[in-house]
Structure formats: structure tokens, C-alpha cells
Amino acid sequence: MNLASIIDRHDGDRIALIDGELRLSYGELRQRVDAVRARLHEAGVGIDDPLAILAGNEINFAVTMLAGLGLGARIVPVRPSSPLPELERKLASVRPKLLCLGEAGAWIAESNVEIGIPTMDLGVQVESGPPPAVVDRDPDDLAFLMLTSGVASDAKVAMLSHGNLAWAQDAILHRGELGLQADDISLGVLPFSHIFGLNLVLLATLKVGGAVVLQRRFDENESLRLIKEFGISTLAGAPPMWQRWSQADGPDDAMASVRHASSGAAALPLAVFEAVRDRFGIEVAEGYGLTETSPIVTWSRGIKVKPTSVGKVIEGAQVVLVEPDGTPVDVGDTGEVVVRSPGVFKGYLDSPGLTDAVLTDDGWFWTGDVGVFDDDGYLYLVDRIKDVVIVSGFNVYPSEVEGVLMQHPLVRGAVVVGEEDLDTGETVVAHVLGEVDSSELHEYARANLSRYKCPTSYRFVDELPVAPTGKLIRRELRS
Amino acid sequence: MATPAFRFEAAPELPGADRVSKYGFGAVRQLVHRLWDVTIEGVEHIPANGPAIIAPNHLSFCDSVFVPAALPRRVWAIGKGEYMDDWKTKHLFPAMGMIPVDRSGGDAAKAALDTAASVLDGGRLFMIYPEGTRSRSEFLHKGRTGASRLAARTSSPIIPVGHKGTLEVQPPDQFTMSTRLHVQVNFGEPMYIEDFGDPNDPRIHRTFTDAVMFRISELSGQTYVDTYAAKDDSPGFVSSLEDERQARPPISVPTGRPTAPKISSPKARTPKPVAPKGQTLADNVIDLRSDVISS
């Protein structure tokens, strides 16, 4: 097998990718991939070589990725907006054979920065010889090295195989009307450097023979225009995107063509779910997954959507909620989400210690997320285990405290972290965005939270660390 | 102190409705308040009418005597069906409000929950130990979520209860109860699940249960540990927090995962008083070696 072959069987005239004025058919896509495969081969890229691609959601990203996979290389998608020091650090951890630069990565070539890695400008057309054949790969052979977001101390590179990604694609295809179809048109706005956009939007749509409309830079008004113009049927976004779409300029029937709307990467606030439903008449189905699970674990496509739930476990995956010692929790109780599926990754690159902390010999991946199932088998997520603040032995989930503080009319944002405390072990500290008196806020917290969950200190800040996916980066506020 | 005021509440649909139960229960209450120095705080939090879930900490077998005896209304709880096979217990326990539930069947938990719900739906008090079993470590353990589900299902408040002194009355290795000791029973304010979030959100049960346990820890003065009470625990020792686990858990744990910290013995633990000789109850009077079925 080889993930590069997903585009082989489709009718050559069908449209695969749309980027601005350019409509690329599957036939043309195959030609371009062949040409770049030849070029990469001449540049010395071969089996198991890490191949970094610094590009946005552009055609050359898809082409170079498929070309590299065809050679058996391990693709390293790099977020083009990464600041240079972060970029250098991440590249150093994977030591790529070659760094391919798309339009969004051209600044590297232009800035004369010395990064010590050979680069290839994808914007330049080069004549190459005939392409080598696509190499056959075992399902366990590595296909991607995914750079997970993380500071220097905990940056991790997740190793995903051809089999991992293929399973996740198949999990959302091939399920009759529930799955992605060949006539689906997806909006490619989630970054392809992230597993959600990469596997469940770009690769899955190409595999089924659908079309991906590329949106290189997020702009909510432009999204609505593209959705209406191309009749987007499958729309996947992160919560901040959904929030901005719900308020974007455009007609209220802009999403009339959307058959399936999904959200992932962070919790979708109920207010956003309701705003989208009220304006566009569609219910955003939340899913759940991690880079380490390729990413799909649960989804809500084709089933009744329950707001704030991430849906049901997808066929082929097993999810158990456990106590820290591995004992399954009582029915209906919360526990750490532990996953076993063919999508579970092969470990972190060069980090056996980190791998051993999350992955067992028999294939259970401990996600670090706390969740609970309802009586119908829908999963609801609570928080990240490592963010839990332990006050006098009691667990305080920052998301709950943040949720309460956010309900105060004068609070625009809140991040809650734990700090060491001599008496209680840890104590709850709130970082708050908003013009509100701390004693008033404390009264409010006392009225709505158990005493041990109430912040003991409030720090007013001008901005809060939020990742592009909508996740709060609490670690940046821990002292 | 004098036996506090009490309303018997006949409940024809529940066990213990007969005259024997009425006098039997009254006698046990009288006896408790004569033989022990029982102090009760917060009894005004028990509603005069209507349902409520009584949720005490659980340290000794005799908790099932002292908490009911401290209540101003009759209370029911679920106990093992096996008690009905023993002549010593088959009359006394139902009279004390125990509803026998057969634990052998596959649907035992559901049967227990349904029985509990019927008690509450009838506007009565129902007692359940949220820890599920006696705390052999003497810490307050993580609560099971059954009481919270019951609260959501029957729209009943939970009344947290923290008591002290029962362990001295009847330590685990002692068959009888030592008299003339002080037992303190503290009732907290009723807690309503709606005050903690949407009762239809499955996340509510852990939130609400933890809030109840926190209140119990304040009322009992116990240190809380976030693991379930287990039979291998011993005073000051929580077996699940030890590195060496005897039983292999069903889901394997990553080898590189840091293990939970060990819990040390609380500093303020008071030594157990030795029971004065000749002041124990007769063997067959009260022997509530009943771990009430956990939620």
C-alpha cells in the first residue's frame, strides 16, 4: 500500500483541487505529483527520509506531500506562520533531508536565513526525468512526522504510519450516506499542517474522489463566499472559525449547500453552536481526536447531534474511561479517555520515555483527556488531566471554573491554573480579561462554585494565550 | 442527652411497616441515646416532609445505627438480601429501615437504584454511603455517583453528613459496640443538583458528587483522598496509591506514567480509646455488619 495511491483510481476529468481561479483535475494532479516525485528523487529524497513541507493550504502542499509519500519519505508538514526560532527548533528535532517551500514559506528563501537544511522552492518549475515508481509500503511504515504544538520542553513529534491514516480516512468514508461521498466538496480552510485538516479534510476528500476548495488564509467573509460559490457540502472548522462564521458578512442562506458541518480541535462553546444553528439552520457536529489517533475517535455525523457532546465512538475504535490505575470507571462516571484503534500512532520520534508514558504494549493510548459517557453512548469531554488543579485532594477542572467566570457579564475571557499552596497543596488562580472588580467576581464565584473551586486570587490581564484552534494555552500562565 | 423528637412514618409499601418494627426501632433509638453521648448538629437541615438523600461518611459498621438514630424521621437504606436468611437479622434489620436487595442477579445495581427511587418518590428519606463501602484507611474516599443520579432522577436534595466517634465505638476488629463514648453527627444544608449545573449533562454527576464529598469532609473533619475505598486499605494506608498492585488492572497502564503520590497518615489522627470492660452491648443486639450496597 501507499497513501500516495489514493488519487490513482479517480476519473481524470474530475476536479480534485480548486485554488482561486485554478481548477485542478485528478488527471492534472497525478501529472504534477509525478513531476515533483521525479524532482524530489533527483534531490536525493528516498525511503524513510524526513521531508519537510513549509506551505499553506496551497496546491503545491498536496502535490509535494503525495510525491514524497510515493517515494516512501516521511512527510513533515510545518505551519508556515511558525516564528523562526520555533521553526529551527522543530526542524532540528526531525532533521529533514529537504525543506520544500511553498508560497507561504517563501519568506525563508527570501530572508537568507541559514537554517542548515537544503531547501527546494516549489514555485520554480524544473525539468526532471521520468518519475520513479511509487514504492510499496507496509501499513506500519511511517508516512508522517507530525509536529505537535508545544514549547521547547515538551515539543513532541508524533509518528503516524500509512496504515494509521488510511484507517482514519476509511472510518469516515464507506459508510453509505453517513460518510463522505465522491460528490462532496470540502472547504480546505483548516491548516493542512494539522492532522484534522490534513487527514479528515484533504486526504479523505481526495481518497473518495471529491473536491477540495482551498482557502489559504482564514477570513470568515471569504469563507462564506466560497461556500456559496462552490456549493461546499462538507465544512469542517475549529471553534474560533465557527464563531466568526456565525457573525460573518453574507447572506443567511450562505450555508444552504452544507450537508455536514463539523468542529474539532477544541470544545465548541454552546453559544457558538446555537448562533450557527439560529443563523444558518445547521447543527455543527463535534468530533474528537488527537494527532496521536490520526485523529478520529468519536464523531456525530449521521447521528442526532447533542450539543457539547463530541459524539459516539467511531466503528473500529475502542474507548474506555479509566481510573489512574487502569480500572474502568463506574458506568456514568468520569475518567481518563483511553483509546485503542488502528489509528493509534507509533510513538513519539526519538522519545521512548514520552511514548512509554502514554502508549501501552497492547496498544492503548492514554489521551490525557477526562471524559464521561451518557446513557446513549455519547462522549462528553471535561478537561485535560494535566490542567486539573488539586485542592485538598479534590479535583478542580479549570474549564468548569472558567465557564462560571465567563458567565459574568463583565468578563470577556478567563484562564484558570493551579499554584502551589502550603495548606491545600494547590490553589486556584484565575487570569481574567475584563473590567470587573475582583471582590465582585469572587462573590460571583462563591455563589456558583463549591468553595474549594473558587479562585483564591484574580489576576487581570490584557490578553489570554489562545491557540489558533481555540484551545487555551494554560501552561503559559503557570508560574 | 434525651432522645430527640422523632416521627416514625408508617410506610405500608416498604419493609418494617408492622407494629414490631415500630417498637423495635423506637427501642433501638432510645438505647442509642442512653448508652452513648450523641451530639447532633444541623438537624434543622432535615426537611420535615418530602424526600431527601442522607449521605454520610462511612467508618464503622455501627454508622448504620448512629445516623438513623440521629435523624428526626425514619430512614430507609438498602442492604444485602442475605440478612433475610438469618433469624438474628431478618426482623431487626428491616425494622431499622433496611430494604433487602438480592445482589446475586445481574441487574442488582438497577434493582437497588429502582428500590431507592421508589423510597424517595414516596417522599421519604433514603440513606446511602457515597463511598460505597467502609473506609478502612479512615480517610474520606472518592464518592460513587449513584447518589447524584438518584438525586437527578427523583428531584431530591442530598444532605451531607459527617460523623465522628463511631470508629471508637466499634473498631473493625470488634464484634460489639463499646458504650459511653461520644459520637458526633453533623448534618449539612441540603444540596440540590440544579445548583451545580444542568442535571441532564452527564458531567454533572462527578461535579455534584465531589461537591457533596467536600461538604462531608468539612463536616467529618476527614482528609479526602481521590480514590475509591478498597478492602485492602488499612488505617492511614490507601492500597490503590501503592506502586505494587496485586491485581492487574483490565486496561494496561503505560510503563512510563508517573505513579500517584503516596498518602501519608494524617498528623491529627487521634488514638483509639480502649473500650472499658463490661460496657459492651450484647452480641445479638446490634450487629450491623452490613456494607450497604454501594451506589
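Bear in mind that the values here come from a model prediction, so they are computed numbers and not experimental data.

Caption draft 1: Representation of the overall build of chain B within the structure. Helix and strand counts for chain B come out as seven helices and nine strands. The burial tally for chain B puts 46% of its 295 residues in the buried class. Of the contacts made within chain B by residues no fewer than 6 positions apart, 76% connect residues no fewer than 24 positions apart.

Caption draft 2: Representation of the packing of helix α8 (residues 239–246) of chain A against helix α9 (residues 270–280) of chain A. Residues and elements named next belong to chain A. Where α8 meets α9, the closest approach of the two axes is 9 Å, and the angle between their N-to-C directions is 40°. Considering the angle they form, α8 stands oblique to α9. Helix-helix and strand crossings are classified by hand; for α8 and α9 the assignment is left-handed. On α9, the residues touching Pro239, Trp242, Gln243, Trp245 and Ser246 of α8 are Val272, Ala275, Val276 and Arg279. Taken together, the residues of the contact of α8 with α9 break down into six nonpolar, two polar and one charged.

Caption draft 3: Main features of the environment of Gly122 of chain B. Note on placement: Gly122 of chain B falls in the loop between α4 (108–121) and β5 (125–127). For the pair formed by Gly122 of chain B and Ala229 of chain B, sequence separation is 107 residues and the distance between their alpha carbons is 31 Å.

Caption draft 4: A look at the domain arrangement of chain A. As assigned here, chain A comprises domain 1 (3–217) and domain 2 (388–477). Look at where the C-alpha atoms of domain 1 of chain A and domain 2 of chain A centre, and you get two points 40 Å apart.

Caption draft 5: Spotlight on the sheet that holds strand β18 (residues 335–340) of chain A. All names here are of chain A. The antiparallel open sheet is built from four strands, whose spatial order is β17-β18-β19-β20. The sheet terminates laterally at β17 (318–322) and β20 (379–384), the two strands that pair on one side only. Direction aside, the axes of adjacent strands within the sheet are offset by 45° on average. Bridge count for β18 against strand β19 (residues 365–373) is four bridges, and the pairing is antiparallel. In the strand pairing of β19, Glu336 is matched with Val370.

Caption draft 6: A look at the sheet that holds β5 of chain B. Residue and element names in this part refer to chain B. Here seven strands make up an open sheet; going across it, the order is β1-β8-β7-β2-β5-β3-β4 and the pairing mixed. One side of each edge strand has no neighbouring strand; the edge strands of this open sheet are β1 (37–41) and β4 (98–101). Direction aside, neighbouring strands of the sheet carry axes that sit 25° apart on average. Pairing analysis gives three bridges linking strand β2 (residues 52–56) to β5, with the strands arranged parallel. When the sheet's bridge partners are listed, Ile54 is paired in β5 with Met127.

Caption draft 7: Examining the pairing of strand β9 (residues 185–188) of chain A more closely. Residues and elements named next belong to chain A. Of the two faces of β9, the one carrying Ile185 and Leu187 and the one carrying Ser186 and Gly188 are both buried. Here β9 runs beside strand β10 (residues 211–214); their pairing, made up of four bridges, is parallel. Within the sheet, the bridge partner assigned to Leu187 lies in β10 and is Val213. Between the parallel elements β9 and β10, the chain passes through helix α6 (residues 195–208) in a crossover that is right-handed.

Caption draft 8: Layout of the confidence of the model for chain A. Predicted confidence across chain A gives a mean pLDDT of 91, with 97% of residues reaching 70 or more. Ranking the elements of chain A by mean pLDDT puts helix α4 (residues 106–110) of chain A last, at 79, and β10 of chain A first, at 98.

Caption draft 9: Spatial organisation of the interface of chain B and chain A. Across the contact, 28 residues belong to chain B and 34 residues belong to chain A. The set of elements that each furnish at least two residues to the side of chain B that touches chain A consists of α7 (204–220) and β9 (224–225) of chain B. In terms of residues, the side of chain B that touches chain A owes the most to one element, α7 of chain B, which gives six residues. For the side of chain B that touches chain A, the class distribution of residues is 11 nonpolar, eight polar and nine charged.

Caption draft 10: Seen up close, the nonpolar core. Ranked by size, the top nonpolar core spans 218 residues in total, and within it Ile53 and Cys100 of chain A together with Ile53, Ile54, Ala55, Phe66 and Phe126 of chain B carry the most contacts. Per-element accounting of this core gives the leading share, 10 residues, to α6 of chain A. Each of domain 1 (3–217) and domain 2 (388–477) of chain A accounts for three or more of the residues forming this core.

Quick notes on the rules
Residues numbered from 1 in each chain as written. Chains lettered and ligands numbered in written order. Predicted model: local features only at pLDDT ≥ 70, side-chain atom pairs only at ≥ 80, totals over all residues. Helix = DSSP H or I, 4+ residues; strand = E, 2+ residues; numbered from the N terminus. Buried ≥ 20, exposed ≤ 12 C-beta atoms within 10 Å, placed from the backbone. Contact = placed C-beta atoms within 7 Å. Axes fitted to C-alpha atoms, helices over the stretch in contact; angles between N-to-C directions. Parallel < 35°, antiparallel > 145°, perpendicular 65-115°, else oblique. Left-handed = near helix turned anticlockwise from the far one by under 90°. Nonpolar A, V, L, I, M, F, W, Y, C, P; charged D, E, K, R; others polar. Domains from an automatic or database assignment. Pairing = 2+ DSSP bridges. Right-handed = clockwise from strand over helix to strand, strands pointing away. pLDDT = per-residue confidence, 0-100. Core = buried A, V, L, I, M, F, W, Y, C linked by C-beta atoms within 7 Å.

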